[in-house]
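Listed here are the chains, written in short residue letters.
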Amino acid sequence: MRYLFLIFALCLSFAPVFAAPELRVATREIAPFVVPQGSQLSGFSIDLWNAIAAELKVQTRFSIKKNVGELLAAVKNGQADASVAAISVTAKRAREVDFSQPIYDSGLQILVRGKASTPSLWDGLMQLLRSPIMVQFVIAVALLILIPAHLLWFIERHSNDGIIRHDTYFPGIFEAVWWTVSCLATQAEEMPKTVWARILAVIWMFFAVIFIAYVTAALTANLTMQSLRGDIHGPDDLPGKNVATVAGSTSAEYLGERKIRAQSFASADEAIGALEKGEVAAVVYDSPILLYYAANKGQGNVAVVGAVFRRESYAIAFPNGSRWRKSVNFALLSLRENGVYDQIREKWFGSEGD
């Protein structure tokens, strides 16, 4: 009996040796990467880290930080073994901490209020005149007038009772252009007299009706879209606007590099709140975070505009020289190969085609 007691005590003394190691992981609340659910955490980054921890057979003790700066400081100062959330990899950050291989490809986008006020008639006209479609319209109309006008002048110039009363290029071409424009506006008072000119006139009048209908529809649709989206469609529209972003983020760095005036907030929620209150015209921040907000909590009130710019990747941060970095990279490769990574990604972001 005494020997059994000694063996039991010996096993207890060695129990900590065989227990799974515990890693201190710093994170921050930012949907959809880290989402609080009661006393637990969920989200893409949390689910992915838990899958990595299962691969490595380690326990995790999470600690919540306020922003990326605190996450990087935690691993840099040895307060955490790793930091995971939505941490963009930059050259500056890579000089201070180590990063895993990328866990998510991202970039910046722009969030604006979705319910823009109806613009005045003058503002709408100015937007229309400055739009690319108006330039295309002017070029198309010029070509569509000049080509048939020259054909009409060439055919009718020698007709005694034709609509072209001068056989010389000037002023005969002006008469041809006037008739073509009048026909385009369905206001032509005279018709050509020669057979080939009449054939040309019929073709041109038929085409003019279709062209006017198409252009009217295109210009109306373009003006409607501009009134709905406002005057911010991409990063080139940001100078001169009151823009919000998150302090210490890559978006703040981007705006600073381009001398774009921006208000920096402590969190994405605060920046988006300022947008919804009308205090700023746009929010520039990480694309997946803005898209998730616009599709969920902000649905109908805000909208993401323009394409993704300044491409960047998210990764897990480690202290320099961390022994866990290589193991985590192997675990990430394993999760990609066995399909677990794709399952987690699809859970939070949908399939690639969504």
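Residues numbered from 1 in each chain as written. Predicted model: local features only at pLDDT ≥ 70, side-chain atom pairs only at ≥ 80, totals over all residues. Heavy atoms only, no water.

(A) Geometry of the overall build of the chain. The helix and strand inventory of the chain stands at 13 helices and twelve strands. With 354 residues in all, the chain has 40% of them scored as buried. Look at the contacts in the chain between residues 6 or more apart in sequence, and 72% of them connect residues 24 or more apart. Working note: accessible area of the chain is about 20000 Å², and carbon and sulfur atoms make up 60% of it. (Helix = DSSP H or I, 4+ residues; strand = E, 2+ residues; numbered from the N terminus. Buried < 20%, exposed > 50% of the residue type's maximum accessible area, 1.4 Å probe, protein only. Contact = heavy atoms within 4.5 Å. Areas by Shrake-Rupley, 256 points an atom, 1.4 Å probe, with all protein chains shown as cover.)

(B) Expanded view of a nonpolar patch on the surface. There is a patch of nonpolar side chains on the surface, built from Val135, Ile139, Leu143, Ile147, Leu151, Phe154, Ile155, Val195, Trp196, Ile199 and Ile203 and spanning about 1100 Å² of accessible area. Those elements giving two or more residues to the nonpolar patch turn out to be helix H6 (132–156) and helix H8 (195–229). With seven residues, the top contributor of residues to the nonpolar patch is H6. Note that Val135 resides in helix H6. The class of Val135 is partly exposed, set by a relative accessible area of 49%. (Patch = residues over 30% accessible without salt bridge, like charges linked within 9 Å, V, L, I, M, F, W, Y side chains within 5 Å. Salt bridge = Lys/Arg side-chain N within 4 Å of Asp/Glu carboxyl O.)

(C) Structural detail: the side chain of Asn329. Tracing the backbone shows Asn329 in helix H12 (residues 324–337). Leaving out residues up to four positions away in the same chain, Asn329 has contacts with Ser100 and Gln101.

(D) Local environment of the sheet that holds strand S7 (residues 104–113). Read from one edge of the open sheet, five strands run S9-S8-S10-S7-S11, paired in mixed fashion. Only two strands of the sheet have a single neighbouring strand rather than two, namely strand S9 (262–265) and strand S11 (302–314). Between one strand axis and the next, the sheet turns through 25 degrees on average, direction left out of account. Bridging between S7 and S11 involves eight bridges; their strand directions are antiparallel. (Pairing = 2+ DSSP bridges. Axes fitted to C-alpha atoms, helices over the stretch in contact; angles between N-to-C directions.)

(E) Fine view of the layout of surface pockets. As a volume, the largest pocket reaches approximately 490 Å³. Lining the largest pocket we find 22 residues, and of these Glu29, Ile30, Ala31, Val34 and Asp269 sit closest to its centre. Contributions of two or more residues to the lining of the largest pocket are made by strand S2 (35–37), helix H10 (268–276) and helix H11 (287–295). Looking at the lining of the largest pocket, its residues break down into 13 nonpolar, three polar and six charged. (1 Å grid on protein atoms, 1.4 Å probe; cavity = no way out; pocket = protein on both sides within 12 Å on 5 of 7 lines; lining within 4 Å. Points joined across faces, edges and corners; volume = space filled by probe spheres on them. Nonpolar A, V, L, I, M, F, W, Y, C, P; charged D, E, K, R; others polar.)

(F) Geometry of the nonpolar core. Counting residues in hydrophobic clusters, the biggest one holds 60 residues, and the most contacted among them are Phe33, Leu48, Trp49, Ile52 and Ile316. By residue number, the principal contributor to this core is helix H2 (residues 44–56), which donates seven residues. Beyond its immediate stretch of four places on either side in the chain, Phe33 contacts Ser42, Gly43, Phe44, Ser45, Ile46, Ala85, Ala86, Tyr104, Pro288, Ile289, Tyr314 and Phe349. Judged by nonpolar contacts, the second largest core, of 13 residues, contains Leu108, Ile232, Val243 and Leu255. (Core = buried A, V, L, I, M, F, W, Y, C linked by side-chain atoms within 4.5 Å.)

(G) Up close: the packing of aromatic side chains. Tallying each qualifying case throughout the model produces ten aromatic pairs. Arranged with centres 5.5 Å apart and planes meeting at 80 degrees, the rings of Phe33 and Tyr104 form a pair that is edge-to-face. Separated by 71 residues along the polypeptide, Phe33 in the loop between strand S1 (22–27) and S2 and Tyr104 in strand S7 bring together distant segments of the chain. Overall, Phe33 belongs to the buried group, its relative accessible area being 0%. On the numbers, 5.4 Å between centres and 65 degrees between planes, the contact of Phe44 with Phe349 is edge-to-face. In this pair, Phe44 is assigned in helix H2 and Phe349 in helix H13 (residues 340–349), connecting sequence segments 305 residues apart. Judged by its relative accessible area of 0%, Phe44 is buried. Its relative accessible area of 22% is what places Phe349 among the partly exposed residues. (Phe/Tyr/Trp six-rings, centres within 6.5 Å; stacked < 30°, edge-to-face > 60°.)

(H) Focus on the side chain of Asp47. By secondary structure assignment, the location of Asp47 is in helix H2. Among the residues examined, Asp47 registers a relative accessible area of 18% and is labelled buried. At 2.9 Å, the side chain of Asp47 forms a polar contact with the side chain of Lys347. (Polar contact = N/O pair within 3.5 Å; in protein donor to acceptor, adjacent residues only side chain to side chain.)

(I) The arrangement of the pairing of strand S10 (residues 282–286) in detail. In terms of residue burial, S10 counts as a mostly covered element, since five of its five residues are buried. Examined bridge by bridge, S7 and S10 share four bridges and lie antiparallel to one another. Its bridge partner lying in S10, Leu108 is registered against Asp286. Sheet analysis places strand S8 (residues 243–246) next to S10, joined by two bridges and oriented parallel.

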